[in-house]
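Descriptive analysis of the structure
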Amino acid sequence: MSHDAPAAAPSIDWSRTLKDAVITGLIATAILGPFIGLVTVQDMEHRLILQTRWPLFLALLAILVVGRLLLQIFVWGRPAKPKRAPLALPPSVERIAAPFFIGLLFVFPISVLFALGPQGSIKWIDNYGIQILIYIMLGWGLNIVVGLAGLLDLGYVAFYAVGAYSYALLAKTFGLSFWVLLPLAGILASFWGIILGFPVLRLRGDYLAIVTLAFGEIIRLILINWVDFTSGYAGISGIPRPTLFGIPFNASDNGFAATFGLEFSPIHRTIFLYYLILALALLTAFVTTKLRRLPIGRAWEALREDEIACRSLGINTTTTKLTAFATGAMFAGFAGSFFAARQGFISPESFTFMESANILAIVVLGGMGSLWGVVIAAVALVGGFELMREMDFLKLIFGTDFDPTQYRTLLFGAAMVGIMLWKPRGLISTREPTAFLKERKAVSGSLVTEGHG
Amino acid sequence: MEVFLQQLINGITLGSIYGLIAIGYTMVFGIIGMVNFAHGDVFMVSAFIAVITFLIVTTWLGIGSIALALFICLIAAMVLTSIWNWTIERVAYRPLRGSFRLAPLISAIGMSIFLSNFVQVAQGPRNKPVTPMLTDVITLIRSDIYSVTISYKQIMIWAVTAVLLMGFWYLVQKTPLGRAQRACEQDRKMASLLGIDVDRTISLTFVMGAALAAVAGVMYMVYYGVVSFSDGFTPGVKAFTAAVLGGIGSLPGAVIGGLLIGLIEVFWSAYFTIDYKDVAAFSILVVVLIFMPQGILGKPEVEKV
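Residues numbered from 1 in each chain as written. Chains lettered and ligands numbered in written order. Predicted model: local features only at pLDDT ≥ 70, side-chain atom pairs only at ≥ 80, totals over all residues. Heavy atoms only, no water.

1. With respect to the overall build of chain A
Our working definition: Only runs of H or I of at least four residues qualify as helices and only runs of E of at least two qualify as strands under DSSP, and these elements are numbered from the N terminus. A contact between two residues is defined here by any heavy atoms of the two lying within 4.5 Å. Working definition of accessibility: Shrake-Rupley area with a 1.4 Å probe, residue cover restricted to the visible protein chains.
Secondary structure assignment for chain A yields 16 helices and 4 strands. Taking the intrachain contacts of chain A between residues at least 6 apart in sequence as the baseline, contacts between residues at least 24 apart amount to 72%. Surface exposure of chain A reaches about 21,800 Å², of which carbon and sulfur atoms provide 68%.

Shown next as structure tokens:
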């Protein structure tokens, strides 16, 4: 097709463009015809029947054909622009941006509380603040494994599940407090990381990804089927809530509100949970940035760029990979125990492959190895969809039964493909050297494609 | 003994379906060294195409003969699924050739998520049951406690799989297209120097893989009689296991691996517990990849700098 052809030709080859549009139309008909033009529904007698949706199909077809035609004429026909280096925040901006951003996160719940009052602000702090921060933390944790060490882990959610179930089961069975179990959940998760990682880390690239996927699924299936231990699909409810070092958030006499002489309100716990996950997420970021400067962090990045070169320089690839795996798993364990404590209820439904894929999408979209990228991607993907639910005007455009959450995963998938085509290194990619002699020089590798290692 | 025979029959049927999907994985891995993560969902798409064509043929066109209806289904599913996979390769994988190592895999994962959710949004999240067909059975061993039977649909699945695999074998071994495909598998750069259109060959590999997955899709619809948008993931992983078990890159290996996985799954469900049958399949994947990554018929992978 013409975008593969040399793009220098100034005039447009009309017959070719039209032919291309016709072919696009035919292919789109073959692909969309059965799925959009026709729909299978069950009638009153539960028999499957076909219904037609030709207007929708024709609209989509027209969008595709006209869209491609316009792209042909206005975008692909033009000479290609020279390749630019991927976007990286200049160091001066980065120096101001981090404290500014952290400060913003600290004042967010208080300002929302003043603006909307205790009733209206719960939704904002819980659905937006806490939810996004959980994903930021998971993204940062997975970023250690995928972004720094270059190991594609498709079963990351298994460690999240280990953390959540460790907290839920230990807290319910032995009545241990959240503050004892939080580090314990992290340790257990990283322990699982080592157990699962040890045999599989000899594998490379694609194989590693598939095996981690299989492990993730095995853990989920065991959670479903081992009913005596995990109560299966029904899940575990009534998980004890975290306390402020022994002070519970309830209406009792020794509760938070009574102790500090405040009027009881559920918003206290929400704000407490917000600061808790904020602290955990910042801990993850802090540890990641510190580790990057240590020999182990440098070994991770070297491993990502070229495993064979790493081995020939005497880096023990097994231990290096294993530490990345275990560190990433530990943060997933922390996040998991927080998740269990926040929800008060967990079930295997929360730990499906889709969840792993969502976290992976956040890391990949943001730019593998970039902390800022993860923040931007998490805010855009998690916050964006929460926001879409609020937008009533979308209902006016697409009809009253329009539910944006339906399209959430669809867009996740499309975005993963799109970002790989457009910017394989993610929105913000930092392949700049963290170790340098006198001055930081852009790596030529960030401008050209990478060789196969 | 009767139970064993019956499970053998069921296992071979299931194994044929896995084997057909596994060929798609193994061919794509052989030629571009990529795990086509979306292949399981391509299989699911083909099963939906089969359901839709079957409904068109039986309710709109009023064709009463099940055999003819299934034949039309098979052809339609093979053609349309091939177009799907051709487009997917064109859009999501071809621009990434020469990109960094994990890029095509991540793109394929995205494509897999996209496909299953596209079908969910377009066709609805409910299961799609089809009228049971070819339900007659032949009783092989009659006994008071347990009769061993083979149903017409099982016979049909065996026959269609065998015939198509033979045709496919001929295509790969004897035709210029197959020769080009095998040449690209051995050395892509050399093949292109010798005048083989590598991009076209890779496209055709995806088309062949999709056509076989479509056969599996039609068989799946006939055998289980119900299709759902989430049906791509687990059979996909199991077929990938089959491809790895047989030795990735090897076509007979994929079929043998598929049959083995089908048999293991069926026997596991019959003699142990049905709850853990997927765990068994996933564990095999892990164990095989760790202890014999070259599989039964594969060649050990040589790492080159």
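2. Quick look at the nonpolar core
Counted only if it meets this: Here, the term nonpolar core denotes a set of buried Ala, Val, Leu, Ile, Met, Phe, Trp, Tyr and Cys residues that are joined through side-chain atoms within 4.5 Å. When accessible area is computed with a 1.4 Å probe and restricted to protein chains, residues below 20% of their type maximum are described as buried, those above 50% as exposed, and intermediate ones as partly exposed.
Residues A:Leu152, A:Ile346, B:Phe37, B:Ile109 and B:Met221 are the most contacted members of the largest nonpolar core, which totals 232 residues. Looking at this core, the element that brings in the most residues is helix α3 (residues 91-148) of chain A, giving 20 residues. Non-local contacts of B:Met221, meaning those with residues more than four positions away in its chain, are made with B:Ala50, B:Val51, B:Phe54, B:Leu70, B:Val130, B:Met133, B:Val226 and B:Val227.

3. Re the interface of chain A and chain B
Often, the extent of an interface is quoted as the loss of accessible area upon association of its parts. Under the convention used in this document: When two parts are put together, the accessible area they lose, computed with a 1.4 Å probe and summed over both, is reported as buried area. Salt bridge, as used here: a side-chain nitrogen of Lys or Arg that lies within 4 Å of a carboxyl oxygen of Asp or Glu. In protein, a polar contact requires one atom able to donate a hydrogen and another able to accept it; more generally it is a pair of N or O atoms within 3.5 Å, and residues adjacent in sequence count only if both atoms are side-chain atoms.
Counting from both sides, the interface comprises 65 residues of chain A and, opposite them, 66 residues of chain B. Taken over both partners, the interface formed by chain A and chain B buries close to 6,100 Å², and the fraction arising from carbon and sulfur atoms is 74%. If you sort the residues of chain A by the area they bury against chain B, A:Phe35, A:Leu48 and A:Tyr207 come out on top, with a joint share of 13%. On inspection of chain A and its partner chain B, the count reaches 0 salt bridges. The interface formed by chain A and chain B includes 5 residue pairs in polar contact (both at pLDDT 80 or more). Counting residues per element, the ones that place at least two in the side of chain A that touches chain B are α1 (14-37), β1 (38-42), β2 (48-52), α5 (178-200), α6 (205-225), α11 (307-312), α13 (353-366) and α16 (408-422) of chain A. Top contributing element to the side of chain A that touches chain B by residue count: α6(A), with 14 residues.

4. Notes on helix α6 (residues 176-186) of chain B
Residues and elements named next belong to chain B. For clarity, the threshold we go by: This arc is built from the directions going out from the helix axis to the C-beta atoms.
Every buried residue belonging to α6 is among Gly178, Ala180, Gln181 and Cys184, and all of these are buried. Around the axis of α6, the buried residues are gathered within 160° of arc, so they sit on the same side. Opposite the buried face of α6, by more than 90 degrees, sit the exposed residues Pro176 and Gln186. On the buried face of α6, the contacting elements are α1 (2-32), α5 (152-174), α7 (188-193) and α8 (198-224).

5. A look at a nonpolar patch on the surface
Residue and element names in this part refer to chain B. To keep things clear, this is the line we draw: What goes into a patch is any residue over 30% in relative accessible area without a salt bridge, connected to like charges within 9 Å or, for nonpolar side chains (Val, Leu, Ile, Met, Phe, Trp, Tyr), within 5 Å.
Together, Ile256, Leu260, Ile264, Val287, Phe291, Met292, Ile296 and Leu297 make up an exposed nonpolar region whose accessible area comes to about 680 Å². Put simply, the parts of the chain that give the nonpolar patch at least two residues each are α10 (251-271) and α11 (277-291). Assessed through its relative accessible area of 67%, phenylalanine 291 is described here as exposed.

6. Quick word on the packing of α16(A) against helix α4 (residues 103-123) of chain B
Packed helix pairs are characterised by how far apart their axes lie and by the angle those axes make with each other. The condition that has to hold: Axes here mean lines fitted to C-alpha atoms, for a helix over just the part in contact, with angles spanning 0 to 180 degrees between N-to-C directions. Any angle that falls under 35 degrees is termed roughly parallel, while one over 145 is termed roughly antiparallel, one within 65 to 115 roughly perpendicular, and all others oblique. In this scheme the handedness of a crossing depends on how the near helix is turned from the far one: anticlockwise by less than a right angle means left-handed, clockwise means right-handed.
In contact at an axis separation of 7 Å, α16(A) and α4(B) are set at 155° when each is read in the N-to-C sense. Classed by the angle they form, the pair α16(A) and α4(B) counts as roughly antiparallel. As for the relative orientation of α16(A) and α4(B), their crossing is left-handed in sense. Listed contacts from α4(B) to A:Thr409, A:Leu410, A:Gly413, A:Ala414, A:Met416, A:Val417 and A:Met420 of α16(A) are B:Ala103, B:Ile106, B:Ser107, B:Ile109, B:Gly110, B:Met111, B:Ile113, B:Phe114, B:Asn117 and B:Phe118.

7. Regarding the pattern of salt bridges
One pass over the full model with this rule turns up 13 salt bridges over all chains. With its nearest N and O atoms 3.2 Å apart, the salt bridge here joins A:Glu307 to A:Lys321. One end of the pair, A:Glu307, is in helix α11; the other, A:Lys321, is in helix α12 (residues 317-343), with 14 residues separating them in the sequence. Of the charged contacts in the structure, one is a salt bridge between B:Glu89 and B:Arg97, with a shortest N-O distance of 2.4 Å. By relative accessible area, which is 23% here, B:Arg97 ends up partly exposed. Within this structure, B:Glu89, B:Arg94, B:Arg97 and B:Asp199 form a network of salt bridges that share partners.

8. Focus on the pairing of β1(A)
Residues and elements named next belong to chain A. Rules: Strand pairing follows a simple DSSP-based rule, namely that at least 2 bridges must link the two strands.
Two strands pair when backbone bridges link them, and β1 and β2 are joined in this way by 5 bridges, in the antiparallel orientation. Bridged to leucine 38 within β2 is threonine 52. Two successive antiparallel strands, β1 and β2, enclose a turn made up of 5 residues, where histidine 46 displays a positive phi of approximately 60°.

9. Overview of the environment of B:Ala254
Residue and element names in this part refer to chain B. In this fold, alanine 254 is placed in helix α10. On the basis of relative accessibility, which here comes to 0%, the residue alanine 254 falls in the buried class. Apart from residues no more than four positions distant in its own chain, alanine 254 is found in contact with Gly19, Ala22, Ile23, Thr26 and Ala242.

10. Looking at the confidence of the model for chain A
All names here are of chain A. To keep things clear, this is the line we draw: The predictor's confidence in any single residue is recorded as pLDDT, a number from 0 to 100.
Summing up the model confidence of chain A, the mean pLDDT is 79 and the portion of residues at 70 or higher is 83%. Low pLDDT (under 50) marks residues 1-9, which in the prediction has 17 contacts with non-local residues, meaning those over four places away or in another chain. Segment residues 444-453 is flagged for pLDDT under 50; beyond a separation of four residues in sequence, or across chains, it makes 21 contacts in the model.

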